[in-house]
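The lines below spell out each chain.
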Amino acid sequence: MFIFFFLLLSLGFFIFSSSTTTTTTTCHRDHQPPSYPFIGCLVSFYRNRHQLLNWYTDLLSQSPTQTIIVQRLGARRTIVTANPANVEYMLKSNFTNFPKGRPFTEILGDLLGCGIFNVDGELWSMQRKLASHEFSAKSLREFTVKTLQQEVDDRLIPMLEEAAESRRVLDFQDILKRFAFDVVCKVSLGTDPFCLDLSRPLPPLVKAFDAASEISAMRGMAPVFLIWKIKRLLNIGSEKKLKESVNLVHESVVEIIRNKKENNSVNGDEGGDLLSRLLSAGHGEQVARDMAISFIMAGRDTTSAAMTWLFWLLSQNESVEREIVDEVKQVIDKNNIGRARALDFEALKEMNFLKACLCESMRLYPPVAWDSKHAAAYDVLPDGTPVRKGDRVTYMPYGMGRMETLWGKDRLEFKPDRWLDDVGEEWENRVLKPVSPYKFPVFQAGPRVCLGKEMAFIQMKYVVGSVLRRFEIKPVSGNQPVFVPLLTGHMIGGLQVLVRKRINE
């Protein structure tokens, strides 16, 4: 009953604001959302709840400091910024004062537990050191590249060849998510879920992971946080589904851990995957479970989202796609890679134009549209914005990629050349510009910078290069797709495409 009271209250405020023309505040003058006594900007937030990204971006672009303050009933005071100086201050200069904080970790805690992406302090530091050691190991990199080669050559390419011959429409977003889940499970857990085998039903683990991720994300975007907390307390609605999904994810990963322990003890084969490394180092079941789930979350949805948007952007910019194909061909010729052979690690490192395309795609459609910290103590951001203890401070890669002050008047255009120092015709002369990670914080920055950044680029370059050297990917609809941020950004309705074999590849 209490839940419906709050819903009715929110609706009443919405109706009240629609019929009121005389109630305004000074927030308009400060480029903040229109607010009212007691409820703050709850009405505006509710009205724009389905387009929060664009709403925030518009407000940020109008603010002289690219920073706004959002206050509404039922939520913490929130500072949203697209100012690189503020981002650097949060993520590096005064890192210790801006932890994720309990309000953030509470949202994802049911799913991620005490995994590296959901903890602060000593627990984070310990896991960070452990993960840093593993990610720097040459053997893990080689294992990842080998896994990529197998997944691309044995599953992805044959599937696309069949689709090209049968002229079957594919949801390429779904295909890339399946592909990424297979790869990340092999690398993180040492297991093969066979998601890219369309003749099999999706494993329950995948469905549960999707449901848990979506519901957890909706917690963070709820107009009144108390509602989802009450639903969790009563175990009803979406919170009941979340609990069931999380239990299935945890139980599935624990079962994999126990099977791996048993197999390793019997066969003495530790394997090259991340889970085997964690277990061989003596880490317990819960630590291994939470870290593995965190790495699955990071490695699956982020790369597939970035590649989905790049393939769509390339379909709208055929000259750019042609340049990628040319670069791949020239790198293959230089490295004496045969037509049927896989791209190797050294060849991938040379593909600067393809990397520029990936960066430009993620500038416009970042896999993680925003990220929040919570102030441990009173502070003042470099642009003069006061921060109270407990405030939520959000930096917004999506909005930053659309700021004219950062990227110029052509900020909304897809222009990979903006990432290159030399845009001459010779591909070998193309050098990537150094761009501040606080201007382009897609991989975070500072002490929490993404450890898997280079591995992510290797995976994306490998997949995009391998696909485009053989196929053309053509969307069946000419409509502009809609970007929606959950835990990671995705394309509503997927990316429906036809696949054609590339002529004169």
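Described below are features of the structure shown in this document. For clarity, every value in this text was computed on a predicted model and none was experimentally measured.

### A word on unusual backbone geometry
Of note in the backbone geometry, Arg-167 takes a positive phi value of approximately 55 degrees without being a glycine. With respect to the helices and strands, the residue Arg-167 is situated in the loop between helix 7 (138–166) and strand 3 (170–171). Phi is positive for Asn-235, which is not a glycine, with a value near 55 degrees. One can find Asn-235 in the loop between helix 10 (225–234) and helix 11 (237–267).

### Structural notes on a nonpolar patch on the surface
On the surface, a nonpolar cluster with roughly 320 Å² of combined accessible area is contributed by Leu-233, Leu-234 and Ile-236. With respect to the element layout, Leu-234 can be found in helix 10.

### Details of the nonpolar core
Nonpolar side chains tend toward joint burial in soluble globular proteins. Tyr-56, Phe-172, Phe-311, Met-362 and Val-499 are the most contacted members of the largest nonpolar core, which totals 104 residues. Not counting residues up to four positions away in its chain, the partners in contact with Phe-172 are Leu-160, Phe-311, Ile-473, Leu-495 and Val-497. Membership of the second largest hydrophobic core comes to 32 residues, among which are Ile-107, Leu-242, Ile-257 and Ala-292.

### A word on the pattern of salt bridges
Evaluated as defined, the whole model comprises 33 salt bridges. A salt bridge links Asp-371 to Lys-100, with the shortest nitrogen-to-oxygen separation between them at 4.0 Å. One end of the pair, Asp-371, is in strand 4 (residues 371–374); the other, Lys-100, is in the loop between helix 4 (84–93) and helix 5 (101–112), with 271 residues separating them in the sequence. Each member of the pair, Asp-371 as well as Lys-100, carries the same accessibility label: buried. A salt bridge links Arg-155 to Asp-182; its shortest N-O distance comes to 3.2 Å. Of the two residues, Arg-155 is situated in helix 7 and Asp-182 in helix 8 (residues 172–188); the sequence distance between them amounts to 27 residues. A relative accessible area of 0% places Asp-182 in the buried class.

### Some words on empty space enclosed by the protein
Scanning the model with the defined rule gives two cavities of 30 Å³ or more in all. The space that makes up the second largest cavity amounts to roughly 30 Å³. Lining the second largest cavity are Met-362, Arg-363, Pro-397, Met-400, Gly-401, Trp-407, Lys-439, Phe-440, Pro-441 and Val-442. Counting only elements with at least two residues in the lining of the second largest cavity, the list comes to helix 16 (352–364) and helix 17 (397–400). Each residue belonging to the lining of the second largest cavity can be placed in one class, and the counts come to seven nonpolar, one polar and two charged.

### Describing the sheet that holds strand 2 (residues 78–81)
Overall, mixed pairing links the four strands, which are arranged 1-2-7-4 in an open sheet. A single partner strand is all that each edge strand has here, and the edge strands are strand 1 (67–70) and strand 4. The sheet shows a mean angle of 20 degrees between the axes of neighbouring strands, direction not considered. The sheet contact formed by strand 1 and strand 2 spans four bridges and is antiparallel. The partner of Ile-68 across the bridge, within strand 2, is Val-80. Along the sheet, helix 3 (residues 52–62) makes contact with strand 1 and strand 2, crossing strand 1 at roughly 125 degrees.

### Description of helix 3
Structurally, the α-helix is built with 3.6 residues per turn, so residues lying three or four positions apart point the same way. When helix 3 is considered as a whole, its buried residues turn out to be Leu-52, Leu-53, Trp-55, Tyr-56, Thr-57, Leu-59 and Leu-60. Where helix 3 is buried, its residues contact helix 2 (42–47), strand 1, strand 2, helix 17 and strand 9 (483–485).

### Some remarks on the environment of Pro-485
Within the secondary structure, Pro-485 is located in strand 9. Note: C-alpha distance between Pro-485 and Gln-51 (434 residues apart in sequence) is 9.6 Å. In this view, Pro-485 contacts Leu-53, Met-221, Ala-369 and Trp-370; residues no more than four positions away in its chain are not counted.

### Section: the packing of aromatic side chains
Applying the stated criterion across every chain yields a total of 16 aromatic pairs. For the ring pair Phe-181 and Phe-209, a centre distance of 6.2 Å and an interplane angle of 75 degrees mean the geometry is edge-to-face. With Phe-181 in helix 8 and Phe-209 in helix 9 (residues 204–220), the pair connects residues that are 28 residues apart, well separated along the chain. With a relative accessible area of 0%, Phe-181 lands in the buried category. Since its relative accessible area comes to 0%, Phe-209 is described here as buried. Plain terms: the ring middles of Tyr-398 and Phe-483 are 5.4 Å apart, the flat faces sit at 20 degrees to each other, and that makes the pair stacked. Of this pair, Tyr-398 sits in helix 17 while Phe-483 sits in strand 9, and the two are 85 residues apart along the sequence. On the basis of relative accessible area, Phe-483 is assigned to the buried category, the value being 11%. An aromatic cluster of three or more residues is present, and its members are Trp-309, Trp-312, Tyr-365, Tyr-398 and Phe-483. The residue whose ring lies beneath Arg-49 is Tyr-46, and the NZ or CZ to ring-centre distance is 3.9 Å.

Basis of the calculations
Each chain has its residues counted from 1, running along the sequence as written. In view of the model being predicted, local features appear only for residues whose pLDDT reaches at least 70, and side-chain atom pairs are presented and counted only at 80 or more, with totals across whole chains, interfaces and linings using the full set of residues. The side-chain numbers reported here are obtained from all heavy atoms of the structure, hydrogens and water having been left aside. Helix and strand assignments follow DSSP, with helices taken as H or I runs no shorter than four residues and strands as E runs no shorter than two, numbered in order from the N terminus. Like-charged residues are merged into a patch within 9 Å and nonpolar side chains (Val, Leu, Ile, Met, Phe, Trp, Tyr) within 5 Å, provided each residue has over 30% relative accessible area and no salt bridge. Here, Shrake-Rupley sampling with a 1.4 Å probe gives the accessible areas, and only protein chains in the shown set may cover a residue. Salt-bridge detection follows one rule: a side-chain nitrogen of Lys or Arg within 4 Å of a carboxyl oxygen of Asp or Glu. Think of a nonpolar core as a cluster: buried Ala, Val, Leu, Ile, Met, Phe, Trp, Tyr and Cys residues, connected wherever their side-chain atoms sit within 4.5 Å. For each residue, the accessible area found with a 1.4 Å probe, counting protein chains only, is set against the maximum for its type, and the residue is called buried under 20%, exposed over 50%, and partly exposed in between. Whether two residues are in contact is decided by their heavy atoms, any of which lying within 4.5 Å being enough. Think of a 1 Å grid over just the protein atoms. A cavity is a set of points where a 1.4 Å probe fits yet cannot get out, a pocket is an open set with protein on both sides within 12 Å along at least five of seven lines, and lining residues have an atom within 4 Å of a point. Grid points are joined across faces, edges and corners, and a volume is the space filled by probe spheres set on the points. Think of it as three bins: nonpolar holds Ala, Val, Leu, Ile, Met, Phe, Trp, Tyr, Cys and Pro, charged holds Asp, Glu, Lys and Arg, and polar takes everything else, Gly as well. The rule for pairing is simple: two strands pair if DSSP sees at least two bridges between them. Angles here are taken between N-to-C directions and fall from 0 to 180 degrees, while the axes themselves are lines fitted to C-alpha atoms, restricted in helices to the stretch in contact. Aromatic pairs are defined between Phe, Tyr and Trp rings, using the six-membered ring for Trp, whenever the two ring centres lie within 6.5 Å; interplanar angles under 30 degrees are classed as stacked, those over 60 as edge-to-face, and all others as tilted. For a Lys NZ or an Arg CZ to count as sitting over a ring, it must be within 6 Å of the ring centre and within 35 degrees of the ring normal.

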